[in-house]
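# Structural features, examined
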Amino acid sequence: FLFVALGLSFLVPLRPNEKVNLRDELPLVVTFGTVAFLVAAPILVFFILNPEHFFLRSDSLSILKGEINQGNPLGTLIDNAIWHLAAFGFRGDVSWRHNFDALPMLNPWEAFFFWFGTGIAMLKWKRPSSRLLLLWLAFLLLPAVIARDYAPNTLRMLGATPPVYLLAAFGVWEAFRFASTRYFPSKIREGLLTLSAALAVVILIQGITTY
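Scope of this entry: the structure provided in the associated data block. (Residues numbered from 1 in each chain as written. Predicted model: local features only at pLDDT ≥ 70, side-chain atom pairs only at ≥ 80, totals over all residues. Heavy atoms only, no water.)

Across its 13 residues, helix H6 (residues 73–85) extends 18 Å between first and last C-alpha, which sits within 8% of the 18 Å expected from 1.5 Å per residue. Here H6 has its buried residues at Thr-76, Asn-80 and His-84. Buried residues of H6, viewed axially, fall in a sector of 60°; they line one side. Opposite its buried face, H6 presents the exposed residues Leu-74 and Ile-82, each directed more than 90 degrees away. The elements touched by buried residues of H6 are helix H5 (66–69) and helix H8 (128–145). (Helix = DSSP H or I, 4+ residues; strand = E, 2+ residues; numbered from the N terminus. Expected span 1.5 Å × (residues − 1). Buried < 20%, exposed > 50% of the residue type's maximum accessible area, 1.4 Å probe, protein only. Arc of directions from axis to C-beta. Contact = heavy atoms within 4.5 Å.)

Dropping the structure here:
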């Protein structure tokens, strides 16, 4: 579904009067769809034969259940989404099985780069790489957002771990670019070395304090 959404995003004209020629891309679309269907076929057949397994967990955790949403599914969805996004620097999972001392998923400096990178990706959404990161994050947060017992539940957010780190890395890179052009306009290499050393010191301090 992630790659289908990414593919559909290419059908949106990015410039005025731009036309998308779907006919030229149709063979690739059919190839992707065929391979994706073959990969998913075993589990699709299993769920067709055993539909009760598909709804096993959602029957007790879905925000569409009246006893969970208290008659307000949209409000519950928004509240759930906000609290799970808060895991990136503001609020932690309270379950001792998933977390330590109810700490947020990202510490303050990691959260800064993550949100900075996410903001830059949103501003540059026309770039396929930015769209992929944003869609990847959104799709892999869905299992946590549409289920409700307590929030945030980081166990259900594990699939979003790769885009979280990639967006944070994107934020670091964009911050490096900004700082190097702003403060080291004529000495880019020296600027990158200085900033890299500063980041290495921060990571070292984090490792010591975490230990």
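The next point concerns a nonpolar patch on the surface. On the surface, a nonpolar cluster with roughly 800 Å² of combined accessible area is contributed by Phe-3, Val-4, Leu-8, Leu-11, Leu-22, Leu-26, Val-29, Val-30 and Phe-32. Counting residues per element, the nonpolar patch draws most heavily on helix H2 (residues 22–49), which supplies 5 residues. The residue Val-29 is located in helix H2 in this model. (Patch = residues over 30% accessible without salt bridge, like charges linked within 9 Å, V, L, I, M, F, W, Y side chains within 5 Å. Areas by Shrake-Rupley, 256 points an atom, 1.4 Å probe, with all protein chains shown as cover. Salt bridge = Lys/Arg side-chain N within 4 Å of Asp/Glu carboxyl O.)

Moving on, we come to the nonpolar core. With 18 residues, the main nonpolar core has Phe-88, Phe-114, Leu-137, Leu-141 and Val-164 as its most contacted residues. At the level of elements, helix H7 (108–123), H8 and helix H9 (161–183) are the ones that each hand at least two residues to this core. The element that contributes the greatest number of residues to this core is H8, accounting for 5 residues. The contact partners of Phe-114, leaving out residues within four places of it in the chain, are Phe-88, Leu-106, Leu-137, Val-164, Leu-167 and Ala-168. Core analysis: the second largest hydrophobic core is formed by 7 residues, Phe-113, Ala-175, Phe-176 and Leu-195 among them. (Core = buried A, V, L, I, M, F, W, Y, C linked by side-chain atoms within 4.5 Å.)

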